[in-house]
Amino acid sequence: MLIVERADPRAPGPRALLEASHSLMRALFPPEDNYFLDVEALCSPDIRFFAAREGNRTLGTGALALRHGYGEVKSMFTATEARGKGVGRALLHQIEDEARALHLPALRLETAAALDAALRLYTREGFTPRNIFGDYCPNQTSIFMEKPLA
């Protein structure tokens, strides 16, 4: 059974997935187009970090960054062997539930055009394209999306 819960990004399972995610992003995109949060940044008070697991196996990670007037989806990653099994959707639902509980009016995210599976998930879950936001810099790889929660 898949369990999604608050987790410590420094714990071995989540840390291993975060490191795999960061390695993949570094391989796919130039440094200036990578906006992932490192493990220590994911421990800050304005972050709600979640992990999805079956038993003791961590299958995915995701985070809600609390921003002024919205929440931002960060650190979404699913282990290769768990892709296509609903892990990303379960994490995204947990993030959305947390954002609603905190009365945030919207969720925003930055992803990349090259990440087809992520784009399909976000679109299926009601995210639509929007203009750049926050501290992001214009580039050729990023896509920005938003989902109103009100």
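About the thresholds
- Residues numbered from 1 in each chain as written.
- Predicted model: local features only at pLDDT ≥ 70, side-chain atom pairs only at ≥ 80, totals over all residues.
- Heavy atoms only, no water.
- Salt bridge = Lys/Arg side-chain N within 4 Å of Asp/Glu carboxyl O.
- Helix = DSSP H or I, 4+ residues; strand = E, 2+ residues; numbered from the N terminus.
- Buried < 20%, exposed > 50% of the residue type's maximum accessible area, 1.4 Å probe, protein only.
- Phe/Tyr/Trp six-rings, centres within 6.5 Å; stacked < 30°, edge-to-face > 60°.
- Lys NZ or Arg CZ within 6 Å of the ring centre and 35° of its normal.
- Arc of directions from axis to C-beta.
- Contact = heavy atoms within 4.5 Å.
- Pairing = 2+ DSSP bridges.
- Axes fitted to C-alpha atoms, helices over the stretch in contact; angles between N-to-C directions.

## Here's the deal with the pattern of salt bridges
All told, the structure shown has 12 salt bridges when counted by the stated rule. In this structure, glutamate 146 and arginine 108 form a salt bridge, with 2.6 Å as the shortest nitrogen-oxygen distance. With a gap of 38 residues between them, glutamate 146 in strand 7 (residues 142-148) and arginine 108 in strand 5 (residues 106-112) connect regions that are remote in the sequence. When its relative accessible area of 19% is taken as the criterion, glutamate 146 is described as buried. Residues joined by salt bridges that share partners form a network here, namely Asp46, Arg67, Glu72 and Lys74.

## Quick notes on the packing of aromatic side chains
Across all of its chains, the model carries six aromatic pairs by this definition. Between phenylalanine 133 and tyrosine 136 the ring centres are 5.2 Å apart and the planes differ by 70 degrees, which places this aromatic pair in the edge-to-face class. Taken as a pair, phenylalanine 133 and tyrosine 136 share a single burial class, namely buried. Look at phenylalanine 133 and phenylalanine 144: their rings are 5.8 Å apart centre to centre, the planes differ by 80 degrees, and that puts the pair in the edge-to-face class. Of this pair, phenylalanine 133 sits in the loop between strand 6 (128-129) and strand 7 while phenylalanine 144 sits in strand 7, and the two are 11 residues apart along the sequence. Residue phenylalanine 133 shares its accessibility class with phenylalanine 144, and that shared class is buried. An aromatic cluster is present here, built from Tyr35, Tyr70, Phe133, Tyr136 and Phe144 joined pairwise through their rings. If you follow arginine 108 out to its NZ or CZ, it ends over the ring of tyrosine 70, 4.2 Å from the centre. The ring centre of phenylalanine 133 lies 5.6 Å from the NZ or CZ of arginine 108, which sits over that ring.

## Notes on helix 3 (residues 116-124)
Buried within helix 3 we find Leu119, Leu121 and Tyr122. Projected down its long axis, helix 3 carries its buried residues within an arc of 160 degrees, all on one side. Along helix 3, the residues that are exposed and aim more than 90 degrees away from the buried face are Ala117 and Arg124. In this fold, the buried residues of helix 3 make contact with strand 4 (70-78), helix 2 (87-101), strand 5 and strand 7.

## Here's the deal with the sheet that holds strand 1 (residues 2-6)
One open sheet accounts for seven strands, arranged 1-2-3-4-5-7-6; its pairing is mixed. Both edges of this open sheet fall to strand 1 and strand 6, since each of them pairs with a single strand only. Of the strand pairs in this sheet, strand 6 and strand 7 are connected by two bridges, and their pairing is antiparallel. Looking at strand 7, one finds that proline 129 is bridged to methionine 145. Sitting on the sheet, helix 1 (residues 12-28) touches strand 2 (47-54), strand 3 (57-67) and strand 4, and the angle it makes with strand 3 is about 75 degrees.

Keep in mind that these numbers describe shape and distance, not what the molecule does.
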